[in-house]
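What follows is the residue order along each chain.
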Amino acid sequence: MRTLYRAARVHTLSHPATGEWLLIDDRHVQRVGTGEPPSSDRTVDLPGTTIVPGFIDGHVHLTSTGLSATDTQVATARSAGELLAIAAARAGEGTGLVLLQGFDESRWDAPHLPSRAELDALTDRPLVIRRTDFHLALANSAALRAADIWDEPGTLRGDDAAPDGRVTQEAMQRLARWTREALTDHEIQELQLKAAAIAASKGVTSVHEMSMPIEAGERDLAVFLAHRARLPVDAVPVVATTDIPRVIDLGLGTIGGDLPVDGSIGARTAALLAPYDDGDGHGTAYFSDDELAGFFHGGHAAGLQVGVHAIGDRAIDQILTAWERVYQALDSRQRRHFRARRHRVEHFEMASEAAVERAAMLGLAVSVQPVFDLWWGGADGLYEVRVGTERAGGMNPIRTMIERGIEVGAGSDTPITPFGPLMAVHALESHHDPRQRLSRPEAIRLHTIGSARLAHQEEKKGALEPGMHADFAVYDTDPFEAVDLLGVEPILTVSLGREVFAA
């Protein structure tokens, strides 16, 4: 069926740059034009509105986002006392595991985390509260014992050598798997549907789902693959595993994704070359050099696009060195095809100018999360507190990456930061370093065409041209011209020709 959408303006991000109407044929764009429109089976009049290509979120975690949608109070808590009060109220409901997520102590008036004794005082049931970055959790004694991580590496200890309630690294992964096992297949499906619906309500028409079997278990991926065609947004699966044969058996072309080479700056587990300014240690590297190079070589040889999560400067140096080893082992014919694979790095936050140049020479692609900088960058932000003014000042060099020829796309890492492509555009315009800021058109292209290119989908997504997917969002206020983007929301979202959200 051919449907005609008539608006005041259609931004194509292609040629011609704008139109007044958009004609789609089932799931594809047929024509964009001005003047008298062609005939159609159905007409949708949208007077005074603007149509833009659907935004592509290049880094999401759907199940966790669905869980976080019920924990908005946790994200807005501003003290340990507020967090404990929220947990106490939740513990008074239902039975079994008490699970909350999304706290960020860097935004509290006093960033003091509750102790295990304070958590134990709330309930005898297992209680787990995950930090916003998912690299640290708080767990009471019942949870530590139920998940069998009392003596696991990563269960942090106080001066008395007993667990103090903080959980990171290997223990964090085991704790996360244990909490996810408490969910039924139906509950996982509903959480993923809820998250995808939130995406659609924000003008997002496609997502790259970063599946994390090591944390979420195998069922989370199985449920996602079984029903992803029924989600309201198009979803690309990217599995965080080093099991190359398994990914090939699943028929996927990408492996790794958010596979962590290190942790996060907020949890002080990102791998750094120099110690943290506000704590001991250099963070954690999760792979040896040989393990990483072996994984990269195997994935590339298998014809896969390979990705990993790397935030700290030491982790970034490690992955670049590993990729250089792989590249140098190739003959001249093989090297010509290496760059076309667009092997990915998620985050790439503490990249120096030298690291950016090395990544550009290798043809790596980078998935950035602009709202990280908006929330935690700049003077007195979390990054400055953790690593000092000089190192924090150079973080997230997004314009430098683009200018050096790196393929860059954008995402949210939801639920770490929420779905909100226009908030990301605002973040790109207001980067803490004025030299790294993007213009409005550049920022929108990064979150559409740029993210499409991360998944080799530029021939079908990111712009509105004949033959491309009918993915677009409709706004009362033109996002290219709005003074305050943070108040702009779509009134209609169309993904693969389906009207998946209407205000």
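Keep in mind the model is a prediction, meaning the values are calculated, not measured. Per chain, residues are indexed from 1 in the order of the written sequence. For a predicted model such as this one, the threshold for reporting local features is a pLDDT of at least 70, and the threshold for listing and counting side-chain atom pairs is 80 or more; totals across whole chains, interfaces and linings nevertheless cover every residue. Values shown for side chains rest on all heavy atoms present in the structure; no hydrogens or waters enter the calculation.

K.L.:
Would you mind showing me how to read the packing of helix H11 (residues 289–301) against helix H12 (residues 313–328) here?
P.N.:
Helix packing geometry: the angle between the two helix axes and the distance between the axes. Here the axes come from fitting lines to C-alpha atoms, over the contacting stretch only for helices, and the angles between their N-to-C directions go from 0 to 180 degrees. Strands here mean DSSP runs of E at least two residues long; helices mean DSSP runs of H or I at least four residues long; both are numbered from the N terminus. For the pair H11 and H12, the least separation of the axes is 9 Å and the interaxial angle reads 50°. When the axes of H11 and H12 are compared, the pair comes out oblique. Taken as a pair, H11 and H12 cross one another with a handedness that is right-handed. In this structure, H11 uses Asp289, Asp290, Leu292, Ala293, Phe296, His297 and His300 to contact H12, whose residues at the interface are Gln318, Ile319, Ala322, Trp323, Arg325 and Val326. Angle categories: roughly parallel below 35 degrees, roughly antiparallel above 145, roughly perpendicular from 65 to 115, and oblique for all the rest. Handedness of each helix crossing follows the sense of rotation of the near helix against the far helix: counterclockwise by less than a right angle gives left-handed, clockwise gives right-handed. Residue contacts are defined here by distance: any two heavy atoms, one from each residue, within 4.5 Å place the two residues in contact.

K.L.:
What's the story with the environment of Phe338 in this structure? I'm lost.
P.N.:
Here Phe338 is to be found in helix H13 (residues 332–338). Residues Phe338 and Leu364, spaced 26 residues apart in sequence, show a C-alpha to C-alpha distance of 9.3 Å. In contact with Phe338, not counting residues within four places along its chain, are His300, Trp323, Val326, Tyr327, Leu330, His343 and Leu362.

K.L.:
Please clarify how the packing of aromatic side chains should be interpreted in this entry.
P.N.:
The geometry of two aromatic rings is summed up by the distance between their centres and the angle between their planes. Here a Phe, Tyr or Trp ring, Trp counted by its six-membered ring, pairs with any other such ring whose centre lies within 6.5 Å, and the pair is stacked when the planes are under 30 degrees apart, edge-to-face when over 60, and tilted otherwise. Under the definition given, this model contains nine aromatic pairs. Positioned above the aromatic ring of Phe134, the side-chain terminus of Arg130 is 4.1 Å from the ring centre. Remark: a charge is flagged as sitting over a ring if the NZ atom of Lys or the CZ atom of Arg is within 6 Å of the ring centre and within 35 degrees of the ring normal. The positively charged end of Arg145 is found above the aromatic ring belonging to Trp150, 4.3 Å away from the centroid.

K.L.:
Looking at this structure, how should I read the pairing of strand E6 (residues 98–103)?
P.N.:
One face of the sheet, then the other: side chains in a regular strand alternate in exactly this way. Exposure classes here rest on a 1.4 Å probe applied to the protein chains alone. A residue is buried below 20% of its type maximum, exposed above 50%, and partly exposed in between. With six of its six residues buried, E6 lies for the most part within the structure. Following DSSP output, two strands are said to pair if at least two bridges run between them. Here five bridges tie E6 to strand E7 (residues 127–131), and the two strands are oriented parallel to one another. Following the sheet pairing, Gln101 is matched in E7 by Arg130.

K.L.:
Help me understand the sheet that holds strand E9 (residues 155–157) in this model?
P.N.:
By way of backbone hydrogen bonds, the strands of a sheet pair with one another, either parallel or antiparallel. Ordered by their spatial adjacency, five strands build an open sheet running E6-E7-E8-E10-E9, and the pairing between neighbours is mixed. Only two strands of the sheet have a single neighbouring strand rather than two, namely E6 and E9. For this sheet, the mean angle separating the axes of adjacent strands, direction not counted, is 25°. In this sheet, strand E10 (residues 163–168) lies alongside E9 in antiparallel orientation, the contact comprising two bridges. From the neighbouring strand, Thr155 faces E10, where its bridge partner is Val167. Packing against the sheet, helix H3 (residues 80–91) makes contact with E6, E7 and strand E8 (136–139), and its axis sits at approximately 155° to E6.

K.L.:
Sorry, what's going on with the nonpolar core here?
P.N.:
The tendency in soluble globular proteins is for nonpolar side chains to be buried side by side. Nonpolar cores are built from buried Ala, Val, Leu, Ile, Met, Phe, Trp, Tyr and Cys residues. Side-chain atoms within 4.5 Å join them into one set. In this structure, Phe296, Ile319 and Phe348 are the most contacted members of the largest nonpolar core, which totals 77 residues. Per-element tally for this core: the top contributor is H12, with seven residues. Residue contacts for Phe348: discarding those within four places in its chain leaves Ala310, Ile316, Ala355, Val356, Ala359, Val366 and Met401. If you look at the next biggest cluster of nonpolar residues, it comprises 19 residues, including Leu100, Trp108, Leu119 and Ala267.

K.L.:
Help me understand the pattern of salt bridges, please; the structure alone is not making it clear to me.
P.N.:
Close approach of charged atoms allows side chains with opposite charge to pair. The rule for a salt bridge is simple: a side-chain nitrogen of Lys or Arg has to be within 4 Å of a carboxyl oxygen of Asp or Glu. For the structure on display, the rule yields 36 salt bridges. Notably, a salt bridge pairs Arg6 with Asp45, separated by 2.7 Å at the nearest N-O pair. Highlighted residues: Arg6 in strand E1 (residues 2–11) and Asp45 in strand E4 (residues 42–53), separated in sequence by 39 residues. Between Arg358 and Glu324 there is a salt bridge; the shortest N-O distance is 2.8 Å. Pair noted here: Arg358 is in helix H14 (residues 353–362) and Glu324 is in helix H12, with a separation of 34 residues, a long-range link. On the basis of relative accessible area, Arg358 is assigned to the partly exposed category, the value being 23%. Overall, the relative accessible area of 21% leaves Glu324 in the partly exposed class.

Shape descriptors only; they carry no functional weight alone.
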